[in-house]
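These are the residues of each chain, in order.
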Amino acid sequence: MSTVFKYDVVVVGAGHAGCEAAQAAARMGAKTCLVTMDMNKIAQMSCNPAVGGIAKGQIVREVDALGGGMGEVTDATAIQFRMLNRSKGPAMWSPRAQCDRTRFITTWRQRLENTDNLYLWQDEVAEVLTEQGTVTGVRTVWGATLLARAVVITAGTFLRGLMHVGRRQVAGGRCSEPAAAFLTQSIEALGIRSDRMKTGTPVRIDKRSVHLEEMTEQPGETDFHRFSYISPLRPLPQLPCWTCETNADVHEVLRSGLADSPLYNGQIQSIGPRYCPSIETKIVTFPDRDHHPLFLEPEGLDTNELYLNGFSSSLPMDVQIEALKRMPCFRDIRVYRPGYAIEYDFFDPTQLHHSLETKKIDGLFFAGQVNGTTGYEEAAGQGLLAGINAALKCSGSAPFTLQRDEAYIGVLIDDLVTKGVDEPYRMFTSRAEYRILLRQDNADMRLTPHAERLGLCSAERLERFHAKRDHVAHIIDFCRNHPVKAASINPFLESIGTTPLQGGCKLFDLINRPQVSLHNLSHEIEALRECLNSIGLDREETIEAAEIEMKYHGYIARERALADKMQRLEDIKIRGHFCYNEITQLSTEARQKLTAVDPETLAQAGRIPGVSPSDISVLLVLLGR
């Protein structure tokens with residue numbers, strides 16, 4: 001006989017998506033149960049012990065602005081921080097941090113265990129329960145029945161996970177952790193399509209065996225930048241990383257093992273991530289290159305374990321180790337474990353609404369790698385939105401969604417549910433057409449009002465948000481109105497290599513020059529210095545945000561106007577208006593794609609691959625009729 005527990009929301013899987021989903025739902029008042037197979041692996045960093053990176057860092061800032069936990073946990077456990085892409089414009093700046101893997105887990109677990117309305121259950125979910133097309137809960141392998149009005153599946157790579165090292169195969173969701181063997185079959189029985197994907201991870205190295213003196217040291221940064229808008233400065237000691245390169249000898253050893261590579265001997269049929277290829281894929285794809293960069297990264301403060309970024313592999317163990325020994329810095333190498341590939345089940349995300357609720361089953365949500373994405377950050381963003389919408393579902397409220405001009409999370413989810421995936425999806429700045437609007441510095445201005453409305457905004461966050469917003473507006477207003485005389489400022493302008501003024505101007509006009517900053521001007525203009533000194537908390541971040549708004553105001557205004565123009569198509573609802581298969585004026589491909597996706601709006605229809613502008617024109621004409 002099954003033991004029955006009753007909740008509002010059940011979240012299956014305690015990875016990065018699951019942690020955000022469970023925390024959000026509980027904080028919004030839903031009685032929530034987070035189910036995990038191992039409570040000691042909550043928020044485990046399955047691959048790289050790092051958070052952020054190109055576009056991913058922006059997502060983490062957005063998660064934080066919406067009241068999620070990844071940013072605060074990252075800041076609390078960071079052992080190196082860098083702002084990537086500083087040589088480019090601020091729309092491209094992306095924060096990234098190495099984290100202490102063990103502390104990341106314990107910090108998240110403490111956070112979850114001290115969240116009201118949130119309960120943890122260690123078990124494996126085997127079945128999703130439904131009645132008449134509506135989810136009613138889940139059943140576990142130990143016979144527990146967890147009843148709920150909403151269920152969020154965030155199972156990561158565990159669904160029928162299969163690991164590969166050479167010709168050896170072991171079932172598992174991660175190294176030394178069992179796969180979830182039954183859940184996919186239960187979900188497929190509900191009419192939801194699944195498929196297989198592949199990812200991989202590199203060898204882990206004993207630091208004591210590495211000749212670090214023969215590598216290039218890569219220090220971190222110690223300025224004011226961080227992930228969370230409310231975190232204190234990083235509390236842990238900051239460690240360096242190291243870089244090196246492979247060589248022709250390394251590649252020769254790797255080629256000798258290709259016959260036993262699961263990627264090339266037919267053992268793995270599923271598709272891996274194009275933008276994070278294995279080392280064997282690199283030497284096959286780029287046969288003329290005799291070197292590839294590698295990055296050696298610490299796993300924590302209290303361990304000698306190092307992560308070799310750039311050397312993901314599923315080649316036989318002896319081939320991996322022998323290839324590494326051909327590099328001078330690794331000539332005496334000892335490893336903790338080899339790299340491996342893993343295949344796992346995912347579900348076609350075009351089967352989801354933008355709320356991440358499935359179209360087939362009312363109250364069933366998917367988030368994270370089960371939607372065909374890759375990366376902790378993409379998972380966290382989806383988990384947060386799924387948890388929010390699961391709680392809203394329980395209260396009978398309308399779903400919460402984000403537009404493409406509001407957040408990278410909005411771009412991510414729209415891409416998934418509109419276009420689907422044919423490889424593990426990874427976010428890039430190039431995927432966001434409004435990236436000048438979606439900068440890492442202004443995620444709080446864009447999204448904290450949503451967090452306040454949803455009940456995810458603490459009093460501290462709200463107070464700091466209002467203070468920053470007001471100070472940014474005050475700085476910009478001051479610069480727009482404060483006059484500058486040519487005679488007083490020209491010596492300074494000439495000293496920094498920029499053209500002197502022919503006449504007076506407003507301070508705002510000077511800020512537009514690339515050589516000029518609020519900081520260097522404040523040394524010359526006392527009134528500006530007093531204005532900036534009036535900022536207390538978050539002073540440097542506030543000044544930077546104001547300066548970016550002023551320097552790029554023309555680009556920002558132009559992109560905002562374009563986004564507003566496109567919003568008109570977003571406002572035209574078409575779901576339920578057409579039987580696409582009967583519209584002969586549409587192309588055959590458009591009829592098939594529109595029927596499969598069933599877009600919510602005309603703008604979403606236009607983003608579906610295979611739907612042409614002429615197809616959109618046909619729909620517009622029919623709507624007019």
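As the structure is a prediction and not an experimental result, all values here were calculated from the model.

**Student:** Please explain the pairing of strand β13 (residues 168-171) as it appears in this structure.
**Tutor:** Two faces belong to every sheet, and in a regular strand the side chains alternate between them. Pairing of strand β12 (residues 162-165) with β13 involves four bridges; the strand directions are antiparallel. Residue pairing in the sheet places M163 in a bridge with V170 of β13.

**Student:** Mind showing me how you'd approach unusual backbone geometry here?
**Tutor:** With the exception of glycine, most residues fall at negative phi, and the peptide bonds are largely trans. For A43, which is not glycine, the phi dihedral falls at a positive 55°. You can call A43 buried: its relative accessible area is 0%. Residue D538 is not a glycine yet carries a positive backbone phi of 60°. Among the secondary structure elements, D538 is positioned in the loop between α16 (526-533) and α17 (539-551).

**Student:** What exactly am I supposed to notice about the environment of W242 here?
**Tutor:** Along the chain, W242 falls in strand β16 (residues 241-245). Not counting residues up to four positions away in its chain, the partners in contact with W242 are K207, L212, M215, T216, E217, Q218, L294, F295, L296 and L306.

**Student:** For this particular structure, what's the right way to read the side chain of Q382?
**Tutor:** Structurally, the position occupied by Q382 is in helix α9 (residues 376-395). On the basis of relative accessible area, Q382 is assigned to the buried category, the value being 0%. Not counting the four nearest positions on each side in its chain, Q382 is found in contact with L356, A367, G368, N371, T373, L412 and L416.

**Student:** Quick question: what am I supposed to make of a nonpolar patch on the surface here?
**Tutor:** A cluster of nonpolar side chains, V141, W142 and F182, forms an exposed patch at the surface whose accessible area comes to about 380 Å². By the secondary structure assignment, W142 is in the loop between β9 (134-140) and β10 (144-147). W142 gets classed as exposed once you look at its relative accessible area, which sits at 73%.

**Student:** What is the right way to read the environment of G67 from this model?
**Tutor:** Position of G67 relative to the elements: it lies in the loop between α2 (56-65) and α3 (70-77). Residues G67 and I583, spaced 516 residues apart in sequence, show a C-alpha to C-alpha distance of 45 Å. Among residues more than four places away in sequence, those in contact with G67 are Q23, R27, A451, L456 and R461.

**Student:** Looking at this model, I keep getting lost on the sheet that holds strand β21 (residues 364-366). Mind explaining?
**Tutor:** Backbone-to-backbone hydrogen bonds pair the strands of a sheet. The strands run either parallel or antiparallel. Read from one edge of the open sheet, five strands run β7-β3-β2-β11-β21, paired in parallel fashion. The open sheet has two free edges, formed respectively by β7 (118-122) and β21, since each of these has just one partner strand. Taking the axes of each pair of neighbouring strands and ignoring which way they run, one obtains an average angle of 20° across the sheet. Note: strand β2 (residues 9-12) against strand β3 (residues 32-36), four bridges, orientation parallel. Each bridged residue has a counterpart across the sheet, and for V9 the counterpart in β3 is T32. Packed onto the sheet, α9 meets β2, β11 (150-153) and β21 and runs at close to 170° relative to β21.

**Student:** Got a minute to help me understand the packing of aromatic side chains in this structure?
**Tutor:** Each pair of aromatic rings is reported with the distance of its centres and the angle of its planes. Per the counting criterion, the structure on display carries six aromatic pairs. With 6.4 Å between their ring centres and 45° between their planes, Y552 and Y555 make a pair best called tilted. The aromatic ring of Y229 is capped on one face by R61, whose charged end is 3.9 Å from the ring centroid. Note that R480 overlies the ring of F508, its terminal NZ or CZ placed 4.2 Å from the centroid.

**Student:** Which parts of the structure should I look at to understand the packing of helix α1 (residues 16-27) against helix α4 (residues 101-113)?
**Tutor:** Helix-helix packing: each pair is described by the crossing angle between the helix axes and the interaxial distance. Their axes nearest at 11 Å, the elements α1 and α4 cross at an angle of 20°. With respect to each other, α1 and α4 are oriented roughly parallel. The crossing of α1 and α4 is left-handed. Between α1 and α4, the residues in contact are H16, C19, E20 and Q23 and F104, W108, R111 and L112, respectively. Partitioning the contact of α1 with α4 into residue classes produces four nonpolar, two polar and two charged.

Conventions we followed
- Residues numbered from 1 in each chain as written.
- Predicted model: local features only at pLDDT ≥ 70, side-chain atom pairs only at ≥ 80, totals over all residues.
- Heavy atoms only, no water.
- Pairing = 2+ DSSP bridges.
- Helix = DSSP H or I, 4+ residues; strand = E, 2+ residues; numbered from the N terminus.
- Buried < 20%, exposed > 50% of the residue type's maximum accessible area, 1.4 Å probe, protein only.
- Contact = heavy atoms within 4.5 Å.
- Patch = residues over 30% accessible without salt bridge, like charges linked within 9 Å, V, L, I, M, F, W, Y side chains within 5 Å.
- Areas by Shrake-Rupley, 256 points an atom, 1.4 Å probe, with all protein chains shown as cover.
- Salt bridge = Lys/Arg side-chain N within 4 Å of Asp/Glu carboxyl O.
- Axes fitted to C-alpha atoms, helices over the stretch in contact; angles between N-to-C directions.
- Phe/Tyr/Trp six-rings, centres within 6.5 Å; stacked < 30°, edge-to-face > 60°.
- Lys NZ or Arg CZ within 6 Å of the ring centre and 35° of its normal.
- Parallel < 35°, antiparallel > 145°, perpendicular 65-115°, else oblique.
- Left-handed = near helix turned anticlockwise from the far one by under 90°.
- Nonpolar A, V, L, I, M, F, W, Y, C, P; charged D, E, K, R; others polar.

So yeah, pure geometry; function would need other evidence.
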